[in-house]
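# Structural overview
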Amino acid sequence: MKRVDETVTIQENKRINGKYYKLVFKSARLARGVQAGQFLHVQIRPDAVDPFLRRPFSYYRIQHDRIEVLYEVLGRGTELLAGLGKGSHLKIMGPLGKAFTQQVRGKKRILVAGGVGVPPLVFLAEKNPVDYLLIGTKSRAEVLPKKELSKVRAEILHATNDGSYGVRGFVTALLEKIIQKEGAECLHIQTCGPAPMMNAVMDIAKREGIPGEASMEESMACGVGACLGCMVKTPEGWVPSCIEGPVFSFDRLVRTCA
Ligand SMILES: Cc1cc2nc3c(=O)[nH]c(=O)nc-3n(C[C@H](O)[C@H](O)[C@H](O)COP(=O)(O)OP(=O)(O)OC[C@H]3O[C@@H](n4cnc5c(N)ncnc54)[C@H](O)[C@@H]3O)c2cc1C
Ligand code: FES
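Residues numbered from 1 in each chain as written. Chains lettered and ligands numbered in written order. Predicted model: local features only at pLDDT ≥ 70, side-chain atom pairs only at ≥ 80, totals over all residues. Heavy atoms only, no water.

## Overview of the sheet that holds strand 9 (residues 132–137)
Hydrogen bonds between backbone groups are what pair the strands of a sheet, and the pairing can be parallel or antiparallel. Worth spelling out the cut-off: Being paired, for any two strands, means DSSP has found at least two bridges between them. Strands are runs of DSSP state E lasting at least 2 residues, helices are runs of H or I lasting at least 4, and numbering of each runs from the N terminus. Only heavy atoms enter the contact rule, under which two residues are in contact if any of them lie within 4.5 Å. For helices, the fitted axis covers only the stretch in contact; all axes are lines through C-alpha atoms, and the angles between them, taken along N-to-C directions, range from 0 to 180 degrees.
Read across the open sheet, the seven strands follow the order 11-10-9-8-12-13-16; overall the sheet is mixed. The sheet terminates laterally at strand 11 (167–168) and strand 16 (247–249), the two strands that pair on one side only. Across five bridges, the pairing between strand 8 (residues 108–114) and strand 9 is parallel. By the bridge assignment for strand 9, Gly114 is matched with Gly136. Sitting on the sheet, helix 4 (residues 171–182) is in contact with strand 8, strand 9, strand 10 (155–160), strand 11 and strand 12 (187–192), with an inclination near 155 degrees to strand 9. Helix 5 (residues 195–208) rests against strand 8, strand 12 and strand 13 (212–215) of the sheet, and its axis sits at about 165 degrees to strand 12.

Printed below as a string of structure tokens:
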């Protein structure tokens, strides 16, 4: 799959709920052969020096040459992005990184998503047979509108910190229930979200002997293995997440802090 760097024109860029904005643009080359888990590296103001570094975002949905990205406003870059209207330009490099395993045979498949990890896992669940999609958010205001999840054929379960939608508490409580119901030996987990959530998911997987994959959303400067700013510790040593990941199997990830 060839990496390209292209200037695109924004077709749509609007807020869809209390958490996410949806960005839409067209590019046949950036859409070609992409699999869920891969990402785009976005220069938000192509004609300006600031912000200098690109920002990475997962592919959320692709229909022919139409690409959708779902993003949360966290800092200066995403704030500037949210201010761009239809017709504005972005310079985008992609597709980058390694995707999630698309076909998992002989296991029930659970996706565990939170925060900026929701988009790639919705993409995965739309394109592949999946048994459960578990989504954790702070409150109902952050839950994706139903139509955004209408193409997912999995059983979708929500957990909110304040109990305003789905079960009250962390998404890992839903995971524990499914393990009890299905039995650990027949399960496979794929997860993406805030580090504490993924660490909790991986702790449960390790305890139960469940295989799986996690997408490590490290900050990325270059996105192509040149700056070594996104290193992740594996049993073979430190590797750049933008090239070797962002998706890693659980047994390739060595925890570096509590
Ligand atoms: C492979 C990959 C895929 C991603 N996919 C998406 C996506 O689909 N949608 C989306 O909204 N975001 C995604 N992110 C995160 C996104 O890149 C950051 O939120 C963004 O770069 C923040 O830029 P900023 O200038 O707004 O914030 P900054 O000013 O750079 O940071 C503001 C705050 O955001 C935090 N932050 C910065 N980078 C990250 C990160 N990688 N993960 C979590 N917190 C971060 C900082 O610690 C700080 O607290 C992805 C990141 C990676 C590495
Ligand atoms: S972001 Fe530069 S090496 Fe990964």
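## Structural notes on the domain arrangement of the chain
How we decide: A domain assignment, automatic or from a database, supplies the domain bounds used here. Accessible area that two parts lose when put together, evaluated with a 1.4 Å probe and summed over both, is termed the buried area. The term salt bridge refers to a side-chain nitrogen of Lys or Arg lying within 4 Å of a carboxyl oxygen of Asp or Glu. Polar contact is the term for a pair of N or O atoms within 3.5 Å; when the atoms are in protein, one must be able to donate a hydrogen and the other to accept it, and sequence-neighboring residues count only if both atoms are side-chain atoms. Side-chain classes follow a simple rule in which Ala, Val, Leu, Ile, Met, Phe, Trp, Tyr, Cys and Pro form the nonpolar group, Asp, Glu, Lys and Arg form the charged group, and the remainder, Gly included, forms the polar group.
We note that the domain assignment places domain 1 (4–96) and domain 2 (108–215) within the chain. Counting residues at the interface gives 18 residues for domain 1 and 17 residues for domain 2. Regarding the contact of domain 1 and domain 2, the summed buried area is about 1,500 Å², with carbon and sulfur atoms giving 56% of it. Broken down residue by residue, the surface that domain 1 buries against domain 2 is led by Tyr20, Tyr60 and Arg61, which jointly contribute 33%. The interface formed by domain 1 and domain 2 contains four salt bridges. Across the pair Glu126 and Arg61 runs a salt bridge, and its minimum N-O distance is 2.7 Å. On the surface where domain 1 and domain 2 come into contact, there are nine residue pairs in polar contact (both at pLDDT 80 or more). Those elements giving two or more residues to the side of domain 1 that touches domain 2 turn out to be strand 2 (20–26), strand 5 (61–63) and strand 6 (66–72). Top contributing element to the side of domain 1 that touches domain 2 by residue count: strand 5, with three residues. When grouped by side-chain class, the residues that make up the side of domain 1 that touches domain 2 number eight nonpolar, six polar and four charged.

## Details of the packing of aromatic side chains
Each aromatic ring pair is specified by the distance between its two centres and by the angle formed by the two planes. This is how it is decided: Ring pairs shown here join Phe, Tyr and Trp side chains whose ring centres sit within 6.5 Å, with only the six-membered ring taken for Trp; geometry is labelled stacked below 30 degrees between planes, edge-to-face above 60, and tilted in between. Relative accessibility under 20% of the residue-type maximum defines a buried residue, over 50% an exposed one, and the middle range a partly exposed one, all with a 1.4 Å probe and only protein chains included. The rule is short: NZ of Lys or CZ of Arg within 6 Å of the ring centre and within 35 degrees of the ring normal puts a charge over the ring.
Taken as a whole, this structure holds two aromatic pairs when the rule is applied. Centroid distance Tyr21 to Tyr71: 5.4 Å. Interplanar angle 20 degrees. Geometry classified as stacked. In this pair, Tyr21 is assigned in strand 2 and Tyr71 in strand 6, connecting sequence segments 50 residues apart. Side by side, Tyr21 and Tyr71 carry an identical accessibility label, which is buried. Members of the aromatic cluster, joined through ring pairs, are Tyr21, Phe57 and Tyr71. Over the aromatic face of Tyr20 sits the side chain of Lys19, whose NZ or CZ is 5.9 Å from the ring centroid.

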